[in-house]
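# Architecture and fold: a report
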Amino acid sequence: MPTPSMEDYLERIYILIEEKGYARVSDIAEALEVHPSSVTKMVQKLDKSDYLVYERYRGLVLTSKGKKVGKRLVYRHELLEDFLKIIGVDAEYIYQDVEGIEHHLSWDAIDRIGDLVQFFQEDGRRIEALREIQKNNEEE
């Protein structure tokens, strides 16, 4: 299993490759707000763990294992964002909250949150009912 730090890198690399078709050390460093030397060290660790193939000065490519994990990490992040929106968390806190909790939940918990998000998204009246409950609780 990748460490939380490895997960952050894999998630960002996966997103960069999906958006731009490639991920350079400089792009990753900028996106994660870290020094390029830190990115190089982590990319080498990810290479040794078979999540990607890294060739100095030539770039990197995710392996099938890296793609699978990256895709699942992006799904987890987006799902948690959706969940926090549904339960009414203020938009200005969502990204930071997701970053704070995403590494601390089991995949079983993620699957259950997915079930709950799907339940609410299937019928907009459910979200409206939740908002009404929240409104009533705030008035008390």
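Located above this text is the structure these notes cover.
From a predicted model like this one, the values you see are computed outputs, not experimental measurements.

## Concerning the pattern of salt bridges
All told, the structure shown has seven salt bridges when counted by the stated rule. Among the salt bridges present, the one from K20 reaches D27, with a minimum N-O distance of 3.2 Å. Exposure remark for D27: the relative accessible area of 9% places this residue in the buried category. For R112, the salt bridge is made with D115, and the minimal N-O distance between the two is 3.1 Å. Within this pair, R112 and its partner D115 are both found in helix α6 (residues 107-122), separated by three residues, close to a single helical turn. Look at R112 and you get partly exposed, because its relative accessible area is 44%. On the accessibility criterion, D115 (40% relative accessible area) is partly exposed. Via salt bridges that share partners, K20, R24 and D27 belong to a single interconnected network.

## Observations regarding helix α2 (residues 25-32)
Those residues of α2 lying buried are V25, D27, I28 and A29. The inward-facing, buried residues of α2 abut α1 (4-20), α3 (36-48), β1 (52-55) and β2 (59-62). Immediately downstream of α2, the backbone of E33 shows phi near 55 degrees, a positive value.

## Some details on the side chain of D27
Topologically, D27 is positioned in helix α2. Filtering out sequence-adjacent residues up to four positions away, D27 remains in contact with L16, K20 and Y22.

## Overview of the environment of E33
Locating E33 in the fold gives a position in the loop between α2 and α3. E33 sits in the exposed class, given a relative accessible area of 72%.

## Section: α3
With 13 residues, α3 ought to run about 18 Å at 1.5 Å a step, and its terminal C-alpha atoms sit 18 Å apart, in line with that. Among the residues making up α3, those that are buried are V39, M42, V43 and L46. With its buried residues spanning 105 degrees around the axis, α3 presents them on a single face. Opposite the buried face of α3, by more than 90 degrees, sit the exposed residues K41 and K48. In this fold, the buried residues of α3 make contact with α1, α2, β1 and β2. Phi turns positive, to about 65 degrees, at D50, one or two residues after α3.

## A closer look at the nonpolar core
Of all hydrophobic cores here, the largest spans 23 residues; its most connected members are I13, I28, L46, L52 and L60. Of all the secondary structure elements, the ones that give two or more residues to this core are α1, α2, α3, β1, β2 and α4 (64-86). The biggest single contributor to this core is α1, with seven residues. Grouped together as the second largest cluster of nonpolar side chains are 12 residues, L80, F83, I86 and L130 included.

The rules behind the values
Residues numbered from 1 in each chain as written. Predicted model: local features only at pLDDT ≥ 70, side-chain atom pairs only at ≥ 80, totals over all residues. Heavy atoms only, no water. Salt bridge = Lys/Arg side-chain N within 4 Å of Asp/Glu carboxyl O. Buried < 20%, exposed > 50% of the residue type's maximum accessible area, 1.4 Å probe, protein only. Helix = DSSP H or I, 4+ residues; strand = E, 2+ residues; numbered from the N terminus. Contact = heavy atoms within 4.5 Å. Expected span 1.5 Å × (residues − 1). Arc of directions from axis to C-beta. Core = buried A, V, L, I, M, F, W, Y, C linked by side-chain atoms within 4.5 Å.

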